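# Summary of the model geometry
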Amino acid sequence: AMAGVVETEEQARQRFQLELEFVQCLANPNYLNFLAQRGYLREKPFVNYLKYLLYWKEPEYAKFLKYPHCLHMLELLQYEHFRKELVNAQCAKFIDEQQILHWQHYSRKRTRLQQALVEQQQQQPQAPSHGNTTSK
């Protein structure tokens, strides 16, 4: 914001919404490839904007993210080498495939953990019930 210009509550809310949507778009490697091919990732103001968006890593903001993976991409976008590589469609395709593999592995791992937890709960001996049948 320009010096002396105060943002209204409504403008702040709209900016929050826009930045929330945009930062999550960064999780999509095809979108990153699109930005790179159009030269945005070489523009200083845009690179500065990506740096500014790092505030989403703070827990009080991160909790609003539906796709937390976007923070990893935001982190990588801080590096010029990564921004240059994204022009290459093969690079975007590779990232896309890695993400899919990660999600598949994650969901399989999660399913296994849940199954193990259920089995563990079933094996636990049941505590005797505390009825009013105290023998005197």
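Residues numbered from 1 in each chain as written. Predicted model: local features only at pLDDT ≥ 70, side-chain atom pairs only at ≥ 80, totals over all residues. Heavy atoms only, no water.

## With respect to the confidence of the model for the chain
Predicted coordinates in regions of low pLDDT should not be interpreted in detail. Keep this limit in mind: As a per-residue quantity, pLDDT reports the predictor's confidence and falls between 0 and 100. By definition, any uninterrupted DSSP run of H or I lasting at least four residues is a helix, any uninterrupted run of E lasting at least two residues is a strand, and each is numbered from the N terminus.
For the chain, per-residue confidence averages 84 on the pLDDT scale, and 82% of positions sit at 70 or higher. Looking at the elements of the chain, mean pLDDT is at its lowest for helix H7 (residues 89-123), recorded as 74, and at its highest for helix H3 (residues 44-52), recorded as 97.

## Quick look at the pattern of salt bridges
This is how it is decided: For this analysis, a salt bridge means a side-chain nitrogen from Lys or Arg found within 4 Å of a carboxyl oxygen belonging to Asp or Glu. Under the scheme applied here, a residue whose accessible area is under 20% of the maximum for its type counts as buried, over 50% as exposed, and between as partly exposed, the area being computed with a 1.4 Å probe on protein chains only.
Counted by the stated rule, this structure contains five salt bridges. Among the ionic pairs, Glu-7 bridges to Arg-15, the shortest N-O distance being 2.8 Å. Of the residues examined, Glu-7 reaches a relative accessible area of 35% and is grouped as partly exposed. Via salt bridges that share partners, Glu-7, Arg-15 and Glu-19 belong to a single interconnected network.

## Some thoughts on the nonpolar core
The nonpolar side chains of soluble globular proteins are, as a tendency, buried together. Selection criterion: Put simply, buried Ala, Val, Leu, Ile, Met, Phe, Trp, Tyr and Cys residues joined by side-chain atoms within 4.5 Å make one nonpolar core. Contacts between residues were defined by any pair of non-hydrogen atoms, one from each residue, lying within 4.5 Å.
Among the nonpolar cores identified, the biggest contains 24 residues, and Leu-50 and Leu-86 are the most heavily contacted of them. If you tally residues by element for this core, the top one is helix H5 (residues 69-76), at four residues. Those residues in contact with Leu-86 that lie beyond four places of it in its chain are Leu-32, Asn-33, Ala-36, Leu-41, Leu-77, Cys-91 and Ile-95.

## Here's the deal with the environment of Phe-82
Position of Phe-82 among the secondary structure elements: in helix H6 (residues 80-85). Of the residues examined, Phe-82 reaches a relative accessible area of 13% and is grouped as buried. Along the chain, Phe-82 and Leu-41 lie 41 residues apart, while their C-alpha atoms are 9.8 Å from each other. When neighbours within four sequence positions are excluded, Phe-82 is seen to be in contact with Met-73, Leu-76, Leu-77 and Ile-95.

## Points about the packing of helix H1 (residues 9-25) against H3
Operational definition: Between the N-to-C directions of two axes lies an angle of 0 to 180 degrees, each axis being a line fitted to C-alpha atoms and, for a helix, fitted only over the stretch in contact. Should an angle fall under 35 degrees it is taken as roughly parallel, and over 145 as roughly antiparallel, whereas 65 to 115 is taken as roughly perpendicular and any remaining angle as oblique. Each residue receives one of three labels: charged for Asp, Glu, Lys and Arg, nonpolar for Ala, Val, Leu, Ile, Met, Phe, Trp, Tyr, Cys and Pro, and polar for the others, Gly being one of them.
At their nearest, the axes of H1 and H3 sit 12 Å apart, and the two run at 100° to each other. Classified by the angle between their axes, H1 and H3 sit roughly perpendicular to one another. In this structure, H1 uses Arg-15, Glu-19 and Phe-22 to contact H3, whose residues at the interface are Phe-46, Tyr-49, Leu-50 and Tyr-52. Across the contact of H1 with H3, the residue classes tally to five nonpolar, no polar and two charged.

## Some words on the packing of aromatic side chains
Here is the rule: Two aromatic rings from Phe, Tyr or Trp, using only the six-membered ring of Trp, form a pair when their centres are within 6.5 Å; if the ring planes differ by under 30 degrees the pair is stacked, by over 60 it is edge-to-face, and anything between is tilted.
By the definition in use, this model includes 12 aromatic pairs. Here the aromatic rings of Phe-22 and Phe-46 are separated by 6.1 Å at their centres, their planes lie at 85°, and the arrangement is edge-to-face. Highlighted residues: Phe-22 in helix H1 and Phe-46 in helix H3, separated in sequence by 24 residues. Here Phe-22 falls in the buried class, since its relative accessible area comes to 14%. You can call Phe-46 buried: its relative accessible area is 14%. Aromatic ring contacts, followed pair by pair, group Phe-16, Phe-22, Tyr-31, Phe-34, Tyr-40, Phe-46, Tyr-49, Tyr-52, Tyr-55, Trp-56, Tyr-61 and Phe-64 into a single cluster.

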